[in-house]
Amino acid sequence: MSVARTMRISASALTAERLRMDVIANNIANAQTTGPDGPYRRQRVVVQALGPEASPAAFGNVLRSHMVADGGTPHVVGSGVRVVRVEEDQSPGPAVYEPRHPDADENGYVTYPNVNVAAEMVDLLSATRAYEANVTVVNALKSMALKALSIGSR
């Protein structure tokens, strides 16, 4: 696999994880947002793999086509990821009895957003770690490219 291809794969993951972190931060910021049009709805990023392994039917063919001669270890080669969409979670949020709240319904209940801050923090940690892993890949590629250039200059 070429250095440029590996860089594109990591760059696509960096873009997807950055958007994921932005959406999670937005969810946390709006965890208590209510309004006359209803509460804030949790959002989530939907990501899709690019390349031949993106479809389940082609997965076996990809494994077979990337077998190596040294014992048949499968090497799946992808092309990165792309964000398909940002979708709203339609699950209901908690209803809390607060008759004096400006957004309370006729029964005195306020429906809050369907955002679980603890779960969002776990998702944020996961997105951060994935981002860091891809930064490590990019840095390793840069290091390898610089060492390859220095070999030619001796």
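Nothing here was measured: the structure is a model prediction, and the numbers come from that model.

Chemist: Would you mind showing me how to read the pattern of salt bridges here?
Modeler: One pass over the structure, following the stated rule, counts seven salt bridges. With a shortest N-O distance of 3.9 Å, D89 and R42 are connected by a salt bridge. Of this pair, D89 sits in the loop between β2 (81-88) and β3 (95-97) while R42 is found in the loop between α1 (3-29) and β1 (43-49), placing the two residues 47 residues apart along the sequence. On the basis of relative accessible area, R42 is assigned to the buried category, the value being 16%. Of the charged contacts in the structure, one is a salt bridge between R42 and D123, with a shortest N-O distance of 3.4 Å. Of this pair, R42 sits in the loop between α1 and β1 while D123 sits in helix α3 (residues 117-152), and the two are 81 residues apart along the sequence. One network of salt bridges, with partners in common, ties together R42, D89, E120 and D123.

Chemist: Could you clarify how one ought to interpret the side chain of E120 in this entry?
Modeler: Here E120 is to be found in helix α3. Judged by its relative accessible area of 1%, E120 falls in the buried class. Separated by 2.5 Å, the side chains of E120 and R42 make a polar contact. Those residues in contact with E120 that lie beyond four places of it in its chain are I24, N27, I28, R42 and V115.

Cut-off values and rules
Counting starts from 1 at the beginning of each chain's written sequence and moves along it residue by residue. For a predicted model such as this one, the threshold for reporting local features is a pLDDT of at least 70, and the threshold for listing and counting side-chain atom pairs is 80 or more; totals across whole chains, interfaces and linings nevertheless cover every residue. Only hydrogens and water are set aside when side-chain values are computed; all heavy atoms of the structure are taken into account. Salt bridges are defined by distance alone: a side-chain nitrogen of Lys or Arg within 4 Å of a carboxyl oxygen of Asp or Glu. The way it works is that DSSP assigns letters per residue, a run of H or I at least four long becomes a helix, a run of E at least two long becomes a strand, and they are numbered from the N terminus. Whether a residue is buried, partly exposed or exposed follows from its accessible area with a 1.4 Å probe, protein chains only, as a fraction of its type maximum: under 20%, in between, or over 50%, in that order. What qualifies as a polar contact is a pair of N or O atoms within 3.5 Å, subject to a donor-acceptor requirement within protein and to the restriction that residues adjacent in sequence count only when both atoms come from side chains. Residue contacts follow a heavy-atom distance rule, with two residues in contact if any of their heavy atoms lie within 4.5 Å.

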